[in-house]
Structures are given as C-alpha cells and as structure tokens.
Amino acid sequence: MFGSYRRDDVTLLLKDITGQIEPLGTQARERKIQSGTPYYEMLPIEYEPTPAYLHAYQDALARYAGITAEAVGSVARQIWEQKGDRAALVSLARAGTPVGILIKRYLKTYYHADVTHASVSIIRGRGIDENAMAWLLERHAPEDLQFVDGWTGKGAIQGQLQQAMQAYPGVSPGLAVLSDPACLAEKWGTREDFLIASSCLNSVVSGLLSRTVYRPDLIGPQDFHGAVFYDQWQDRDLTYQFIDRIEAHFRPPRQTPPPPGPQTDRTAAEEVTQICRVFGVRDRNLVKPSIGEATRVLLRRMPWKILVHSLDDEAHLGHLYQLAREKQVPLEVYPLVHYRACGLIREMADA
C-alpha cells in the first residue's frame, strides 16, 4: 500500500514506481503524444494550484457537495439492488478511486454492507491491467465485480472496458459513475454535466498518486500497472477533506430513478463529431467533452481553447474560468447539448 488512502477504504492493485520515472513538461509531453509515443509511458509535471485556484476549488466543493452526495447515494442504491452485499467495487484509477470510497461508505452506512473495494488501472489503447483482473477473479465471482469511475466524457474508457471484458466471461463492462452526460454508463447518479470537485485537482485530491503508467522496462510480466506516490506533498493533501465533505452530505437512499439525459435526438458521439467538423479538428482524441475532461485539458495538456455553454456560469464553471485566465487559454461560447464545457487540445504540428 502506498499513497495516502487508508487500507480500510481501498486496496490499490498498483505497483509503486516512485522515483523511477521522470515527469515531462506539458509541451514536451504533448509533442511526444502527438508524435506517437503512448501517453501511458509518460507522466506530466503536475500543476501546482495557485491560491486563487484553490479558492475556486473550495468554492466548487462547497457548491457541489450536496449533488455529489446525492449522486453517490443513487449509484450505491443501484449497485445494492443488483448485487447486494456480494458487490465488489472496482474503481478505475485514479479518478474513480475517491468515488469508489464514497460508494463503499454509503453502502456501509445505509445498507450495513461492508463490501470490498479495489482500484485498478485501465489505459486507453492498452487495456485493463490483466494481473489485477486475475487477482480480482481469484477472490470474487465474475458477476459480483462492479466497475466505478467519476464521469463519462465521450465514452473512451467505457469502450475500452467493453473491449477488455470480452476476455472475461461473466464480468459486466457496465460502468457506475456519478455524472453520465454521454449517456453511456450502466448506472449513473445524474446525466447532468456537473462538477465533481475531485476533478479540479490532480494527485492532491487522489491519494497523492499519479495517473497510471505502463512501460515494459518498469512493469514486469507479473506486475500491476504502476503509479507514483507524491509523498513530498503530504502537507497539501486534500483527499480526505474531499471524501469527508461529501460523506457529511449523505442522505438516506431515494427510491426514485435518476433523471434521464437531455431531450435531444443527437447523441454525445454525434455532438463530438460536429465539434470536430466546426473547429477543423482531425483527431477526435483532441476533443475532450465534459467539465471533468475540460479541467484535465487545462491541468495537464496543451489547450487550444475551451468551449463553454456560457461565460456567465460561475456556479458550474468558475474553476475553469480561473484556470483559463491563469494559462491564458481562450474561452469560446458554443451551443453544447450534452455538456457544459469541452476542452480542445492544440495540434502540436500547428504550434
């Protein structure tokens, strides 16, 4: 166990590669990614939040603690109704891990079920950690596994899960997420694109862990995928402030189903296709829809511009406005349907 998560909250099926990988600056990393180097072989130098941005984060946490807790309760109820106390939560590192901890705590509080929770790596273009899956299936029936993440962007990880689970009969690729604006998850708290405050920051609200890494010289045939522990940031760790703040807003489960998504005949995938066409983006991977994904673009990619449904939505997008100001990234109003924001990554050939 490494990082700042507690053992009774999660089992990390990850290899500690602290000190074995040199993080790259944003521009150098972006050039490598767009030149064909797999993103999962590198780590970025993590953004260190300014006082103004931390204020925006704390404001977002205060605004959205209630709706986040309500979404946790809705997802937990759906998991309970399908799997009961046999459920084995499998969160996708790293954004899914604090969500998995919250669902585990909700199930214990309101259903008196002490379910297991493990965090595993799944990497777009590489797949799920096969050694982690073997570990899980030695301990749980396939039908008891429940994958958990924070939100759906355009559904790349959901697609990766569906592909990966073809090798694991009986394991459902269905995701449980708090926010499902892409309308692709099996279980969701809401289909509204709302801000899950943990997406505003990187490791300091994710157990001081990096996102996951797969590089053959670091990860052996029997190893789990790797992650780095930023132990030098322990004095600024906000992981449990986030988890405890959301837990304080838990309420008994409602029996009403979560509301449907936006009333439109355009799918989220079609909306992304239209954005690509309107802005001349040749690679769909450079379009990152949803508040969470737009935040990630500003935190660790080379943003070209951020599309927002409004320039006056401080309640939902205040942290994005702040980050865009700091990084001098233009905001552009665009008639988004499924999302409130969308990040566009700069094509480095044009930089």
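Residues numbered from 1 in each chain as written. Predicted model: local features only at pLDDT ≥ 70, side-chain atom pairs only at ≥ 80, totals over all residues. Heavy atoms only, no water.

## Section: the sheet that holds strand β14 (residues 341–345)
Note the following rule: Any two strands are treated as partners once DSSP identifies two or more bridges connecting them. For the purposes of this entry, the term helix denotes a DSSP run of H or I that reaches at least four residues, the term strand denotes a run of E that reaches at least two, and both are numbered from the N terminus. Note on geometry: axes are lines fitted to C-alpha atoms, helical ones only across the stretch in contact, with angles between N-to-C directions running from 0 to 180 degrees.
Read across the open sheet, the four strands follow the order β11-β14-β12-β13; overall the sheet is mixed. The open sheet has two edge strands, β11 (287–289) and β13 (331–333), and neither has a second partner. If you compare each strand with its neighbour and ignore which way they point, the axes differ by 25 degrees on average. Examined bridge by bridge, β11 and β14 share three bridges and lie antiparallel to one another. Along β14, the bridge assignment pairs Lys288 with Gly343.

## Examining the packing of aromatic side chains
The geometry of two aromatic rings is summed up by the distance between their centres and the angle between their planes. Selection criterion: When two rings of Phe, Tyr or Trp (its six-membered ring) have centres within 6.5 Å they constitute a pair, described as stacked for plane angles under 30 degrees, edge-to-face for angles over 60, and tilted for the intermediate range. Summary of the burial criterion: residues with accessible area below 20% of their type's maximum are buried, those above 50% are exposed, and those between are partly exposed, where the area comes from a 1.4 Å probe applied to protein chains only.
For the structure on display, the rule yields nine aromatic pairs. Both rings, one in Phe279 and one in Trp304, keep their centres 6.3 Å apart while their planes meet at 90 degrees; by these two values the pair is edge-to-face. Of this pair, Phe279 sits in helix α7 (residues 268–279) while Trp304 sits in strand β12 (residues 303–308), and the two are 25 residues apart along the sequence. With a relative accessible area of 12%, Phe279 lands in the buried category. Between Phe279 and Tyr334 the ring centres are 5.6 Å apart and the planes differ by 55 degrees, which places this aromatic pair in the tilted class. With Phe279 in helix α7 and Tyr334 in the loop between β13 and β14, this pair connects stretches of sequence that are 55 residues apart. An aromatic cluster is defined as three or more aromatic residues linked by ring pairs; in this entry it consists of Tyr106, Tyr110 and Phe250.

## Comments concerning the pattern of salt bridges
Operational definition: Salt bridges are defined as contacts in which a side-chain nitrogen from Lys or Arg sits within 4 Å of a carboxyl oxygen from Asp or Glu.
Enumeration according to the criterion identifies 22 salt bridges in this entry. Between Glu81 and Arg77 there is a salt bridge, and its shortest N-O distance comes to 3.2 Å. Of this pair, Glu81 and Arg77 are both found in helix α2 (residues 51–83), four residues apart, which corresponds to roughly one turn of the helix. If you follow the salt bridges from partner to partner, you end up with Asp9, Arg105, Asp244 and Glu247 in one network.

## Here's the deal with the sheet that holds strand β9 (residues 187–190)
Quick note on the threshold: Contact definition: two residues touch when any of their heavy atoms are within 4.5 Å.
Strand order across the open sheet formed by six strands is β1-β4-β3-β7-β8-β9, with parallel pairing between neighbours. Since the sheet does not close on itself, it has two edges, and those belong to β1 (11–12) and β9, each with one partner. Against the sheet, α2 makes contact with β3 (88–92), β7 (145–148), β8 (175–179) and β9, and its axis sits at roughly 155 degrees relative to β9, the strand it touches most. Packed onto the sheet, helix α4 (residues 130–139) meets β1, β3, β4 (116–120) and β7 and runs at close to 140 degrees relative to β7.

## Section: the environment of Leu201
Relative to the helices and strands, Leu201 resides in the loop between β9 and β10 (226–227). For the pair formed by Leu201 and Ser91, sequence separation is 110 residues and the distance between their alpha carbons is 18 Å. Sequence-distant contacts of Leu201, defined by excluding residues within four places in its chain, comprise Pro49, Tyr53, Leu54, Tyr57, Leu238 and Leu299.

## A short note on the pairing of β14
Taken across its five residues, β14 has five buried, putting it largely inside the fold. Side chains Ala341, Gly343 and Ile345 project from β14 onto one buried face, and the interleaved Cys342 and Leu344 project onto a second face that is buried too. Sheet topology note: the β12/β14 ladder contains five bridges and is antiparallel. The partner of Pro303 across the bridge, within β14, is Ile345.

## Focus: the side chain of Ser206
Worth spelling out the cut-off: Polar contact is defined as a pair of N or O atoms within 3.5 Å, subject to the rule that within protein one atom must be able to donate a hydrogen and the other to accept it, and that residues adjacent in sequence are counted only when both atoms are side-chain atoms.
Looking at where Ser206 falls in the secondary structure, it is placed in the loop between β9 and β10. A residue is classified by how much of its surface remains accessible, and Ser206, at 4% relative accessible area, is buried. From its side chain, Ser206 meets the backbone oxygen of Asn202 in a polar contact 3.3 Å long. The residues touching Ser206, leaving out its near neighbours within four places in the chain, are Tyr5, Arg94 and Thr239.

## A few points about the nonpolar core
Where we set the bar: What we call a nonpolar core is a set of buried Ala, Val, Leu, Ile, Met, Phe, Trp, Tyr and Cys residues that are connected through their side-chain atoms within 4.5 Å.
Tyr57, Ile103, Phe242 and Ile275 are the most contacted members of the largest nonpolar core, which totals 92 residues. With 12 residues, α2 is the largest single contributor of residues to this core. The contact partners of Phe242, leaving out residues within four places of it in the chain, are Tyr57, Leu61, Pro98, Leu102, Ile196, Ala197, Ser198 and Val205. In terms of nonpolar packing, the next biggest core, distinct from the first, is built from 22 residues, Val90, Leu92, Leu136 and Leu161 among them.

## Quick notes on the environment of Met133
One can find Met133 in helix α4. Using a relative accessible area of 0% as the deciding quantity, one classes Met133 as buried. Apart from residues no more than four positions distant in its own chain, Met133 is found in contact with Ile128, Leu145, Phe147, Met165, Tyr168 and Val171.

## Regarding the side chain of Arg211
Operational definition: His is not counted, nor are the chain ends, whereas Lys and Arg count as positive and Asp and Glu as negative.
For Arg211, the location among the structural elements is in the loop between β9 and β10. In this structure, Arg211 is buried with no salt-bridge partner, the nearest side chain bearing the opposite charge being Glu46 at 7.8 Å. Engagement of the side chain of Arg211 in a polar contact is seen with the backbone oxygen of Tyr39, the distance being 2.4 Å. The contacts of Arg211, once residues within four sequence positions are left out, are Arg29, Tyr39, Tyr40, Met42, Leu43, Arg94, Gly226, Ala227 and Arg300.

## Some points on the pairing of β4
How we decide: Seen with its strands pointing away from the viewer, a crossover is right-handed when the path leading from the first strand over the helix to the second is clockwise.
Burial runs high along β4: four of the five residues are buried. As defined by bridge partners, β1 adjoins β4 across two bridges and the pair is classed as parallel. Following the sheet pairing, Leu12 is matched in β4 by Ser119. Both β3 and β4 contribute to a ladder of five bridges, which runs parallel. Among the inter-strand pairings, Ala88 is bridged to a residue of β4, identified as Thr116. With helix α3 (residues 96–111) bridging β3 and the parallel β4, this β-α-β connection has right-handed handedness.

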